[in-house]
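# Inside the fold
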Amino acid sequence: MKASAFSYARATSVVNALELLVAHGDSAKLMSGGQSLMPAMNLRLISPEMIVDIGELAELRGIAVGGDILSIGALTRHVDLQRSPEIATHAPLLTEAIAHVAHPAIRNRGTIGGSLAHADPASELPACMVALNATIIVRGPKGERRIAAGDFFRGIYQTALSPQELLVAVEVPVARKNSTHFFSEFARRHGDYAIAGLAAQATVQGDVFNGLDMAFFAVGDRPVLAKAVNRLISVPVTPALLSEASAALAAELDPQQDQQASASMRRHLAKVLMVRCVSALLGRPDLAAGGPG
Ligand SMILES: Cc1cc2nc3c(=O)[nH]c(=O)nc-3n(C[C@H](O)[C@H](O)[C@H](O)COP(=O)(O)OP(=O)(O)OC[C@H]3O[C@@H](n4cnc5c(N)ncnc54)[C@H](O)[C@@H]3O)c2cc1C
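Within each chain, residues carry numbers counting from 1 in the order of the written sequence. Restriction of local features to residues with pLDDT of at least 70 applies here, the model being predicted, together with a cutoff of 80 or more for giving and counting side-chain atom pairs; totals for whole chains, interfaces and linings are based on all residues. Side-chain measures were taken over the full set of non-hydrogen atoms in the model, leaving aside hydrogen atoms and water.

### Here we look at the overall build of the chain
Quick note on the threshold: The helix and strand labels rest on DSSP assignments: H or I over at least four residues marks a helix, E over at least two residues marks a strand, and numbering proceeds from the N terminus. Here the globule rule reads 2.2 Å times residues to the power 0.38, and the radius of gyration is calculated from C-alpha atoms. Accessibility here uses a 1.4 Å probe with only protein chains present; expressed as a share of the type maximum, an area under 20% marks a residue as buried, one over 50% as exposed, and anything in between as partly exposed. Working rule for contacts: check all heavy atoms of both residues, and any pair within 4.5 Å makes them a contact. Within this scheme the basic residues Lys and Arg register as positive and the acidic residues Asp and Glu register as negative, but His and the chain ends are omitted. Where a charge lies is defined by one atom per residue type: Lys uses NZ, Arg uses CZ, Asp uses CG and Glu uses CD.
The helix and strand inventory of the chain stands at 12 helices and 14 strands. In terms of C-alpha radius of gyration, the chain reaches 20 Å, essentially the compact-globule figure of 19 Å for 293 residues. Each of the three principal axes of the chain carries a C-alpha extent, and together these read 60 × 45 × 35 Å. Across the 293 residues that make up the chain, the buried fraction comes to 51%. The contacts of the chain with a sequence gap of at least 6 include a subset with a gap of at least 24, amounting to 59%. Across the chain, the centroid of the 26 positively charged side chains sits 3 Å from that of the 26 negatively charged ones.

### Looking at the domain arrangement of the chain
The following threshold applies: Those domain boundaries reflect an automatic or database domain assignment. Summed over both partners, the accessible area (1.4 Å probe) lost when two parts come together is defined as the buried area. Think of a salt bridge as a Lys or Arg side-chain nitrogen and an Asp or Glu carboxyl oxygen that are within 4 Å of each other. Side-chain atoms alone can form a polar contact between residues adjacent in sequence; in general such a contact is a pair of N or O atoms within 3.5 Å, and within protein one must be able to donate a hydrogen while the other accepts it.
If you check the domain split of the chain, you get domain 1 (7–53), domain 2 (58–173) and domain 3 (180–288). Summed over both sides, the interface of domain 1 with domain 2 buries roughly 1,200 Å², with 69% coming from carbon and sulfur. For domain 1, the biggest contributors to the area lost against domain 2 are Val14, Leu18 and Gln35; these three give 44% of the whole. Here domain 1 is connected to domain 2 by zero salt bridges. Our enumeration of links across domain 1 and domain 2 arrives at one residue pair in polar contact (both at pLDDT 80 or more).

### So, the packing of helix H10 (residues 239–252) against helix H11 (residues 263–282)
Pairs of packed helices are described in terms of their axes, by the angle between the two and the distance that separates them. Our working definition: Fitted lines through C-alpha atoms serve as axes, helices being fitted only where they are in contact, and the angles separating the N-to-C directions of these axes extend from 0 to 180 degrees. The hand of a helix crossing depends on one turn: near helix anticlockwise from the far one by less than a right angle means left-handed, and clockwise means right-handed. Any residue outside Ala, Val, Leu, Ile, Met, Phe, Trp, Tyr, Cys, Pro, Asp, Glu, Lys and Arg is labelled polar, Gly included; the first ten of those are nonpolar and the last four are charged.
Two numbers describe how H10 lies on H11: the axes approach to 9 Å, and their chain directions differ by 145°. At the point where H10 passes H11, the crossing takes the right-handed sense. Contact with H10, carried on its side by Leu242, Ala245, Ser246, Leu249 and Ala250, involves Arg267, Ala270, Lys271, Met274, Val275 and Val278 of H11 and no other residues of that element. Split into classes, the residues belonging to the contact of H10 with H11 amount to eight nonpolar, one polar and two charged.

### Some words on the environment of leucine 94
Along the chain, leucine 94 turns up in helix H5 (residues 92–98). In the structure, leucine 94 is positioned 13 residues away from leucine 81 in sequence and 7.5 Å away in space, judged by C-alpha atoms. Every residue in contact with leucine 94, bar those within four places of it in the chain, is listed here: Ile72, Ile87, Leu125, Cys128, Met129 and Leu132.

### Here's the deal with the site of the ligand
Note the threshold: Any residue with at least one heavy atom within 4 Å of a molecule or strand is counted as near it. Here the open area of atoms and residues is found with the Shrake-Rupley method and a 1.4 Å probe, where only the protein chains shown may cover a residue.
Around the ligand, the surrounding shell holds 29 residues, and the nearest of these are Leu30, Ser32, Gln35, Thr111 and Ser123. Within the side chain of serine 32, an N or O atom sits 2.6 Å from a nitrogen atom of the ligand. Contact distances for the ligand include 3.1 Å between a nitrogen atom and a side-chain N or O atom of tyrosine 193. Protein burial of the ligand: of its 970 Å² of free accessible surface, 88% is covered by the chains. Per-element accounting of the shell around the ligand gives the leading share, four residues, to helix H7 (residues 112–118). Grouping the constituent residues of the shell around the ligand by class yields 12 nonpolar, 14 polar and three charged.

Written as structure tokens, this is what we have:
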């Protein structure tokens, strides 16, 4: 199928892109890498009348470290994240996660801003942003807003962005010295969207978690920051405690059923991921020996 007819404008600056969005209202759509937008248009799931192409705006591209903050421009491509030494040093969770996002051809064009604005609940990067406690920076006709990643994702393909706002950058706190991370997903094939996945960041002292953020994806309408993990912080983790936490996790999730998996299978996979994550981060194979409980 082909997309229905549309007009096209290449924005020359962020200010120009915002002017175009205001001028065309709800009939306009931004395009960054086009890797989610164009398939949706070709399948006629959406039919915008005006495409505002921001893909050439150099001001939205790049990775910089300043103090404790890693800033990533919205147009930074997946491949740039994957190859960046700054990302590998300061947000290694992202380096690991990005290898699971689609395939090289898509990673060569897809951008972090497009991925976050698209807000597919099975997508890796939104969950990473929630686990990393990132801030999402958006600009609109009324100026700039800074939104915690945990408040940004509002539902399937829904975010806190208004139609006249542009996601311009993401800020991620740099990984602390004693921090560690875990990423894993179940997918039919490497590069497919996940059936269930987990992005986690933790600080560990001795054999105890000082902090633990687990963001599950593909098990709800948005990334889910699990509250159940709070019972694993500042205490020695026993198999019984982990079993309690994984049971509490299952109650927090509201997975979709589709042709890939039932809701109960997704809940089960999330519990498996939680157990594997805790076992790996604490270096305790005994915790994973009995399964998710
Ligand atoms: C075959 C295939 C497999 C894929 N597999 C995966 C996968 O496993 N995991 C995964 O996460 N993704 C996957 N993707 C999606 C891919 O990662 C996309 O690159 C990404 O979702 C969107 O990035 P983009 O820059 O191409 O955005 P675009 O397609 O240009 O835009 C996507 C949406 O975001 C909006 N938008 C774009 N940029 C901005 C901005 N700066 N501010 C506000 N709104 C904006 C657009 O209007 C549009 O609604 C897959 C895509 C394909 C085609």
